[in-house]
Amino acid sequence: MTYTFDPLVPRPIDRPTEVVVGPLTAEQSVALDDAKIFAGPADPADREAWRETLRAWRADARDRHGYTGAAYERPEAAWAAGCSTVAQVWLWDELLYSFEEHRFTPERFLADAADRFGGLDAVVLWHAYPVIGLDDRNQWDFYRDVPGIVDLVATFHAAGLRVFVDYNPWDVGTRRGADDVTELASVVRELGADGVFLDTLKKAEPELVARLEEARPGIVLEGESKLPVERIEDHSSSWAQFFADSPVPGVLRAHWYERRHMQHHVRRWHRDHSEELQSAWLNGVGVMVWEVVFGVWVGWSRRDAATVRRLVTVQRAARDLLLEGEWTPLAPLSAEAEAAGVYASRWSRDGVTLWTLVNRGETDYAGPVLAPDAAERSSGRLVPLTDATGASDVTVPARGIAALLHVADGTPDPAWPAGLDLVPHDADARFPHRLARRLRPAAVVEPGTPDPSAVVVPAGDHVLTVRYRARETGMYQGAPYVDEWKPLPPRLHDARTLQRDGVLATPVAVASAEVTNAQFAEFLAATGYEPAVPHRFLAHWSDGRPPAAEADHPVTFVDLDDARAYCAWAGGRLPTEDEWQLAGEARPDLFGVDRPGPAVWSWTESEHSDGRTRFVMLKGGSDHGAEGSDWYVEAGRRSPDHTVKLLVPGLGLARSAAVGFRCAWEVPA
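So, here is what we can say about the structure in this document. (Residues numbered from 1 in each chain as written. Predicted model: local features only at pLDDT ≥ 70, side-chain atom pairs only at ≥ 80, totals over all residues. Heavy atoms only, no water.)

A word on the overall build of the chain
Stage number 1. Secondary structure summary: the chain contains 16 helices and 32 strands in total.
Stage number 2. Taken over C-alpha atoms, the radius of gyration comes to 28 Å for the chain, in line with the 26 Å a tight globule of 669 residues would show.
Stage number 3. Taken over the C-alpha atoms alone, the chain extends approximately 90 × 50 × 50 Å along its principal axes.
Stage number 4. In the chain, which comprises 669 residues, the share counted as buried stands at 60%. (Helix = DSSP H or I, 4+ residues; strand = E, 2+ residues; numbered from the N terminus. Rg over C-alpha atoms; globule rule 2.2 N^0.38 Å. Buried < 20%, exposed > 50% of the residue type's maximum accessible area, 1.4 Å probe, protein only.)

A closer look at the side chain of Ser238
Stage number 1. With respect to the helices, strands and loops of the structure, Ser238 is situated in strand 9 (residues 237-241).
Stage number 2. A distance of 3.3 Å separates polar atoms of two side chains, one belonging to Ser238 and the other to Gln263.
Stage number 3. Those residues in contact with Ser238 that sit more than four places away from it in its chain are Glu222, Gly223, Ser225, Leu227, His261, Met262, Gln263 and His264. (Polar contact = N/O pair within 3.5 Å; in protein donor to acceptor, adjacent residues only side chain to side chain. Contact = heavy atoms within 4.5 Å.)

Quick look at the packing of helix 3 (residues 106-117) against helix 10 (residues 302-317)
Stage number 1. Orientation of helix 3 relative to helix 10, taken along the N-to-C sense of each, is 85°, at an axis distance of 7 Å. Classified by the angle between their axes, helix 3 and helix 10 sit roughly perpendicular to one another. On the side of helix 3, the interface is formed by Ala114, Asp115, Arg116 and Phe117, while helix 10 contributes Ala305, Ala306, Val308, Arg309 and Val312.
Stage number 2. Among the residues making up the contact of helix 3 with helix 10, the classes are represented as 6 nonpolar, no polar and 3 charged. (Axes fitted to C-alpha atoms, helices over the stretch in contact; angles between N-to-C directions. Parallel < 35°, antiparallel > 145°, perpendicular 65-115°, else oblique. Nonpolar A, V, L, I, M, F, W, Y, C, P; charged D, E, K, R; others polar.)

Observations concerning unusual backbone geometry
Stage number 1. Residue Pro130 is reached from Tyr129 by a cis peptide bond, and omega for that bond is 15°.
Stage number 2. Along the chain, Pro130 falls in the loop between strand 5 (122-126) and helix 4 (141-144).
Stage number 3. The backbone of His102 shows a phi angle near 55°, a positive value even though the residue is not glycine.
Stage number 4. In this fold, His102 is placed in the loop between strand 3 (97-98) and strand 4 (103-104).
Stage number 5. For Leu538, which is not glycine, the phi dihedral falls at a positive 50°.
Stage number 6. Turning to its location among the elements, Leu538 is positioned in the loop between helix 13 (517-527) and helix 14 (560-569).
Stage number 7. In this structure Leu538 comes out as buried when scored by relative accessible area, which is 7%.

Some words on the packing of helix 6 (residues 180-191) against helix 7 (residues 206-215)
Stage number 1. Closest axis-to-axis distance for the helix 6/helix 7 pair is 9 Å, and the angle between their directions is 30°. In terms of orientation, helix 6 lies roughly parallel with respect to helix 7. The handedness of the crossing between helix 6 and helix 7 is right-handed. In this structure, helix 6 uses Val181, Thr182, Leu184, Ala185, Val188 and Arg189 to contact helix 7, whose residues at the interface are Glu207, Leu208, Arg211, Leu212 and Ala215.
Stage number 2. Broken down by class, the residue content of the contact of helix 6 with helix 7 amounts to 7 nonpolar, 1 polar and 3 charged. (Left-handed = near helix turned anticlockwise from the far one by under 90°.)

As for helix 13
Stage number 1. Within the span of helix 13, buried status applies to Asn517, Phe520, Ala521, Phe523 and Leu524. Down the axis of helix 13, the buried set is contained in an arc of 155°. They therefore lie on one face. Across from the buried face of helix 13, at angles greater than 90 degrees, the exposed residues are Glu522, Ala525 and Ala526.
Stage number 2. At the exit of helix 13 stands Gly528, carrying a positive phi of roughly 70°. (Arc of directions from axis to C-beta.)

Regarding the environment of Val292
Stage number 1. If you trace the backbone, Val292 turns up in strand 13 (residues 292-293).
Stage number 2. If sequence neighbours within four positions are ignored, Val292 has contacts with Asp93, Trp297, Arg612 and Thr613.

Details of the nonpolar core
Stage number 1. Counting 117 residues, the largest nonpolar core has Trp92, Val123, Leu125, Val196, Phe520, Trp603 and Phe661 as the members making the most contacts within it.
Stage number 2. In terms of residue count, the dominant contributor to this core is helix 6 (6 residues).
Stage number 3. Among all residues touching Trp603, those that are not within four sequence positions of it are Val558, Asp559, Leu560, Ala563, Leu574, Val616, Leu618, Leu646, Ala654, Val659, Gly660 and Phe661.
Stage number 4. Core analysis: the next-biggest nonpolar cluster, separate from the first, contains 55 residues, Ala71, Leu252, Val287 and Leu405 among them. (Core = buried A, V, L, I, M, F, W, Y, C linked by side-chain atoms within 4.5 Å.)

Some remarks on helix 10
Stage number 1. Under the 1.5 Å per step criterion, the end-to-end length of helix 10 is 23 Å for 16 residues, consistent within 8% with the ideal 22 Å.
Stage number 2. Taking burial as the measure, the 16 residues of helix 10 include 12 buried ones, the bulk of the element.
Stage number 3. Along helix 10, the positions that sit buried rather than exposed are Arg303, Asp304, Ala305, Ala306, Thr307, Val308, Arg310, Leu311, Val312, Thr313, Val314 and Gln315. (Expected span 1.5 Å × (residues − 1).)

Observations concerning the sheet that holds strand 23 (residues 455-457)
Either a parallel or an antiparallel arrangement is found when strands of a sheet pair, and the pairing is made through backbone hydrogen bonds.
Stage number 1. Taken in spatial order, the 3 strands of this open sheet run 23-26-32, and their pairing is antiparallel. Every other strand in the sheet has two partners, leaving strand 23 and strand 32 (664-666) as the edge strands with one partner each. Sheet twist, expressed as the average angle between the axes of neighbouring strands with direction ignored, equals 25°. (Pairing = 2+ DSSP bridges.)

Overview of the packing of aromatic side chains
For any pair of aromatic rings, the description consists of the separation of the ring centres together with the inter-plane angle of the planes.
Stage number 1. Under the definition given, this model contains 35 aromatic pairs.
Stage number 2. Here the aromatic rings of Phe38 and Trp57 are separated by 5.2 Å at their centres, their planes lie at 70°, and the arrangement is edge-to-face. A residue pair is termed long-range when its members are at least 10 positions apart, and Phe38 in strand 1 (residues 37-38) and Trp57 in helix 2 (residues 47-64) qualify at 19 residues.
Stage number 3. A relative accessible area of 0% places Phe38 in the buried class.
Stage number 4. Assessed through its relative accessible area of 0%, Trp57 is described here as buried.
Stage number 5. Considering the side-chain rings of Phe520 and Phe537, the 6.2 Å spacing of their centres and the 65° angle between planes classify their relative orientation as edge-to-face. Pair noted here: Phe520 is in helix 13 and Phe537 is in the loop between helix 13 and helix 14, with a separation of 17 residues, a long-range link.
Stage number 6. For Phe520, a relative accessible area of 0% translates into the label buried.
Stage number 7. Judged by relative accessible area, Phe537 falls into the buried class, the value being 18%. (Phe/Tyr/Trp six-rings, centres within 6.5 Å; stacked < 30°, edge-to-face > 60°.)

What to know about the environment of Tyr566
Stage number 1. Secondary-structure assignment places Tyr566 in helix 14.
Stage number 2. In this structure, the C-alpha to C-alpha distance between Tyr566 and Glu522, residues 44 residues apart in sequence, is 10.0 Å.
Stage number 3. Discounting chain neighbours no more than four positions away, the residues touching Tyr566 are Val515, Gln519, Phe520, Phe523, Phe661 and Cys663.

Geometry only, nothing functional implied.
Below, the structure written as structure tokens:
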């Protein structure tokens, strides 16, 4: 397949917008409305005229769009302007949830964030994608059906964090309830959410804005990517995803338009976050920390995590200055600093001036920072907030950030610098790899006899061709899109193939059909089995019995532990995904698209964890299918070589109407 773009290079739509220096025309002003970032001029001599052009655009745009700033005057929403860090976290991230204890562990999650990132200001509790579509549950069910989620939100609130929920407007093919506006407003109210992340949406429609404000006064809406300039009026925040900066750092259009509008820089697949962190530092905005991207580990290096901690420590302390002070982007610096790739923003108010400095170069810069004619060099007090090499000199680490403070004569020393606890720069930019390893359940105590109709897979070496649909979950190891900008269709959803080799030490017999409701009822009667978490267990049964018409249908609403318990009782275990596939390729009439009876996905003994994400491979496909969006789990019956990587939810949410299981038995050689 031929692609018309290089996924490792920003597209024109991703690139910063050039600013024509000089008198602003009406046409140029409208064109600048569409920018993500205003590109910085390479020649220092052009920068004052560039700043004046940006000031003229802001005044003109506010006048053209009738800007009032009313949304930013809401006292309940004032927190958004100081929300420097937001973490997007999968609800079942193993830092936030313990599969062993069957409980949320926010204390562990918060301790990790405090240690590495200097704490968080907000979290986005990501809940449904990429599991949604497996059955008929809609996006609202994946919030409402989580035991203890209201308490989890309350715990975050008690720790001083704000909580966002996410809205997936593409969810049109699952169980229908009320309209989206009503459902989202209800979920916000029920959970006590402070904000809404608008997945795939740059903005919310006015009706949604009004209804959410009614449900939760002060609600903060954060659109994905570039927010239209006219909607800065009623969106307090935006998700600055895939924003490419210019070689000389530029200015974020939305934050320049309204200083109280908070943006969160993020490039989800990148292993080097220095550029967006430096842009956030120079613009006085925040960052999104996103280490588990829909089940794929994309962890932050020690260098970038330390940069976040340094950044937020100063931003939180100096927030009033960053919001209300005079902002001079690309402030004049010494020739030595400029030549080394050092740039700065200057923030000044009531005799106090802060320089936020970045080093785009690959070597540390230690030397004079301020221009020789800067008034601050000859009067007042200069205080380096980071590593100092002299009264007016600081060390700006390679690909890092630094800060310098000036207090004018006669101005009292501000209180906030005295309490700063700035960690040193960490130069370790190595990617912190994680390997997903297969989890091994307890061995079968009393091996049993395989079903007579089971399909026997011989021992020995095997080569398997595995087919799957590319999704952001990746497959076995590693990110599917490394250091890419925005992965675009068809690559984001296309069919892919990989080959895997494996060895079966002994022959394995795999059941020719899924365990039925009647068989599972027999197991319960014989053992008295009770799951550790009963939520959703056999939810389709009534009074402890399956519907009479479904006795011979595959049992569903069972999770991995339920399936393992049954297979152990039957003297076997779950088949691995390889064993399932090899049996299916031997008898596609029993495992493939034409297999008899109602079809459901099958659990396999292929549960993996990298310490942050728990996932399992499903085989077989089901008769259920959610239609209307490529973001859903794929629908329909599948050939035996097709595999779906399913992120495993906890607290019973893994139990699905569309997932059952088969047993397998090891056959003595």
